[in-house]
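Understanding the architecture of this molecule
Here is how the chains run, residue by residue.
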Amino acid sequence: MAYRLLALNIDGVLLRSNARLSRQTKDAIEFVKNKGVYITLATDRPFPAAKRVAKALKLDTCLITHDGAYLASELDEPLFERRIHEDKVFQIGEILENYTCHVRLLHEKYGIGNKLKSKNQLLAKMTIGIGDPLFYPVTFVDSICDYILDNPVAPPKIQVQFLDKEQQLEAMEEIEKQVSNITIIEGKQGRISIVPEGVSKVRGLHRLGRELGIGLDQMVAIGSSEEDLDLITQVGLGVAMGNSPKEVQQAADWVTRSNDMHGVAYMVREVFRKQLKIEN
C-alpha cells in the first residue's frame, strides 16, 4: 500500500514539550512532501494557530482545524465550515455563566473570552494559549452573553476551561440536556470543546480525502490523545506517539517515539523510506 496522505495533530505530535518544532521534524515533513504525499494538520486549534505551524513547515495545503469544523488552506476560502448558531451560542453562554470557568468563542478570525473574577493564577496559565495573542486577537469581556447580545457571533467552536471536575460534569450534563445539534468533546485537565453536531477530525479528513480523491485507507494519521482515537482507528495506518496514553497506543496500528524523542521523524523513516514517489 502506497500512502498518499499524512495527517498530523500539532500538540503532542509535531510540537515538543517546549512548544517548538525540531529540525528533525521539519526535515521529516520535507522528506514526505518530496515523496508526493499530501500533508495536512488535524487539530483542535483555531485556523490562524494551525496556519502558523503550517507556514513553519512550509505547507500550503488544506488544514483541518477547530476539531474539524473549519477546513481551509486560506482563511477566507474554506473548503468546509460548520458553525454553532448564534442563538445556541447565547444559550450555552447563559448556562456557563452559572459556573466558574473560562469560556472562549473561537471564531476563525478572532476569539472572545470572559474575564474571570477569580484571581487563580493556575486557571490563567491554563487558559492562555502559548503566544496566541500574537497572531489571534482575543477580546476579553465581563460577560459573554452581554457582549454577544450586541455582537452576535457564530463560531465553529467554543472552548471551556474548568478547574472543578464536579462543575465541569454538571455543566456538560446541563448543556447536553438543553442545547441541541452540538457535540461536546472532553479534553485534558478540565477542558471541553463544543462543536456543531456531526463535526470531528476524522470526518474533516474524510471530506478532504473526497476532494482529493484519496480514501481513508490510503492515509496515515498520527495522534497523541484520546481525542485522536477516531482519527487513528479509521485510517489505513493509525500511529500513536510514544507520549500518548496507553488507551491510544493500544488502539493504534503503530507506536512511534515520543514528541521529545523525534517521534514524527522516526515514523517517517520507518514507514515512508521505501515508498516510491507518488506521481500526481
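Since the model is a prediction, treat every value here as computed from it, not as a measurement.

Concerning the overall build of the protein chain
Helix and strand content of the protein chain: eleven helices and 14 strands. A compact globule built from 280 residues would reach a C-alpha radius of gyration of about 19 Å, and the protein chain, at 19 Å, matches this within 12%. Its C-alpha atoms give the protein chain principal-axis dimensions of roughly 55 × 35 × 35 Å. Buried positions account for 52% of the 280 residues belonging to the protein chain. Sequence separation of 24 or more characterises 63% of the internal contacts of the protein chain that already satisfy a separation of 6 or more. Accessible area for the protein chain stands at about 13400 Å²; split by element, carbon and sulfur atoms hold 46% of it. Separation between the mean location of the 36 positive side-chain charges and that of the 38 negative ones in the protein chain comes to 9 Å.

Observations regarding the confidence of the model for the protein chain
Chain-level pLDDT for the protein chain is 91 on average; 93% of the residues reach the 70-or-more range. Segment residues 125-131 is flagged for pLDDT under 50; beyond a separation of four residues in sequence, or across chains, it makes 13 contacts in the model.

Digging into a negative patch on the surface
The grouping of E94, E97, D142, D146 and D150 at the surface amounts to a negative patch. Tracing the backbone through its elements, the reader meets E94 in helix α4 (residues 86-96). Of the residues examined, E94 reaches a relative accessible area of 44% and is grouped as partly exposed.

So, the sheet that holds strand β2 (residues 38-41)
If you walk across this open sheet you meet the five strands as β2-β1-β12-β13-β14, and the pairing is parallel. Two strands bound the open sheet, and with one partner strand each, they are β2 and β14 (254-255). Note that strand β1 (residues 5-8) and strand β12 (residues 219-223) share four bridges and pair parallel. Across the sheet, residue L8 finds its bridge partner in β12, namely I222.

Let's talk about helix α3 (residues 47-56)
Counting buried residues in α3 gives seven out of ten residues, a clear majority hidden from the surface. Within α3, the full set of buried residues consists of F47, P48, A49, A50, K51, V53 and A54. One or two residues past the end of α3 sits K58, with phi positive at roughly 60°.

Side note on the pattern of salt bridges
Under the definition given, this model contains eleven salt bridges. Note that K201 and D228 form a salt bridge whose closest N and O atoms lie 2.8 Å from each other. Taken as a pair, K201 in helix α8 (residues 201-212) and D228 in the loop between β12 and α9 (229-233) lie far apart in primary sequence, 27 residues in all. The same class applies to K201 as to D228, namely buried. Among the ionic contacts, a cluster of salt bridges with common partners joins E81, R83 and E108.

Cut-off values and rules
Residues numbered from 1 in each chain as written. Predicted model: local features only at pLDDT ≥ 70, side-chain atom pairs only at ≥ 80, totals over all residues. Heavy atoms only, no water. Helix = DSSP H or I, 4+ residues; strand = E, 2+ residues; numbered from the N terminus. Rg over C-alpha atoms; globule rule 2.2 N^0.38 Å. Buried < 20%, exposed > 50% of the residue type's maximum accessible area, 1.4 Å probe, protein only. Contact = heavy atoms within 4.5 Å. Areas by Shrake-Rupley, 256 points an atom, 1.4 Å probe, with all protein chains shown as cover. Lys, Arg positive; Asp, Glu negative; His and termini not counted. Charge placed at Lys NZ, Arg CZ, Asp CG, Glu CD. pLDDT = per-residue confidence, 0-100. Patch = residues over 30% accessible without salt bridge, like charges linked within 9 Å, V, L, I, M, F, W, Y side chains within 5 Å. Salt bridge = Lys/Arg side-chain N within 4 Å of Asp/Glu carboxyl O. Pairing = 2+ DSSP bridges.

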